[in-house]
Amino acid sequence: PPNQGRTSMHFPMTLGSAPPDFACKVGLRDGAENSDGVIFIVEINGKEVARKFVRAVAWHEIHVSLAPWAGQPIVLTLAADADGSYNHDWACWGF
């Protein structure tokens, strides 16, 4: 993420009618031990549905039920926020 800011990716899609889920892992890349942390955010149609603060170099799970939006068009947004300085904020999303 940028210094004192956030980077976002937007994925427009239409969900199937079966109750869908979104699952991923987030973390900091090896060598980022000096990071002051990153906030990982998942939004649906601009509404925050998950938030995870990560400071340690490790993978952390995020899981969101998308059942309330089943069968509907949505915009899934994945964001990484520097939460201050971006030094060593080597944010990673894994699927």
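Residues numbered from 1 in each chain as written. Predicted model: local features only at pLDDT ≥ 70, side-chain atom pairs only at ≥ 80, totals over all residues. Heavy atoms only, no water.

Draft legend 1. View of the overall build of the chain. On a plain count of helices and strands, the chain comes out with 0 helices and 7 strands. Going residue by residue from the N terminus, the α and β elements of the chain occur as β-β-β-β-β-β-β. Expressed along its principal axes, the backbone C-alpha trace of the chain runs to roughly 45 × 20 × 15 Å. Here the chain holds 95 residues, and 36% of them are scored as buried. Restricting to contacts in the chain with at least 6 residues of sequence separation, those with at least 24 account for 79%. A total accessible area of about 5400 Å² is found for the chain, and carbon and sulfur atoms account for 52% of it. Put simply, the chain has 7 plus and 10 minus side-chain charges, and the middle of one group is 3 Å from the middle of the other. (Helix = DSSP H or I, 4+ residues; strand = E, 2+ residues; numbered from the N terminus. Buried < 20%, exposed > 50% of the residue type's maximum accessible area, 1.4 Å probe, protein only. Contact = heavy atoms within 4.5 Å. Areas by Shrake-Rupley, 256 points an atom, 1.4 Å probe, with all protein chains shown as cover. Lys, Arg positive; Asp, Glu negative; His and termini not counted. Charge placed at Lys NZ, Arg CZ, Asp CG, Glu CD.)

Draft legend 2. Fine view of the environment of Phe53. Inspection of the secondary structure puts Phe53 in strand S4 (residues 47-54). Separated by 27 residues in sequence, Phe53 and Val26 place their C-alpha atoms 9.5 Å apart. Apart from the residues within four sequence positions on either side, Phe53 is in contact with Asp36, Gly37, Val38, Ile39 and Asp83.

Draft legend 3. Up close: the state of the cysteines. Summed over the entire model, instances satisfying the criterion amount to 0 disulfides. Just so you know, Cys92 is unpaired, no disulfide at all, and the nearest cysteine sulfur is the one on Cys24, 12 Å from it. (Disulfide = S-S within 2.5 Å.)

Draft legend 4. Highlighting the pattern of salt bridges. Evaluation of the coordinates by the stated rule reveals 2 salt bridges. Residue Arg6 pairs with Glu43 through a salt bridge whose shortest N-O separation is 3.0 Å. Of this pair, Arg6 sits in strand S1 (residues 6-14) while Glu43 sits in strand S3 (residues 38-44); the two residues are 37 residues apart in sequence, bridging distant segments of the chain. For the salt bridge of Arg51 with Glu48, the shortest nitrogen-to-oxygen distance reads 2.9 Å. Its relative accessible area of 35% is what places Glu48 among the partly exposed residues. (Salt bridge = Lys/Arg side-chain N within 4 Å of Asp/Glu carboxyl O.)

Honestly, it's all geometry; don't read function into it.
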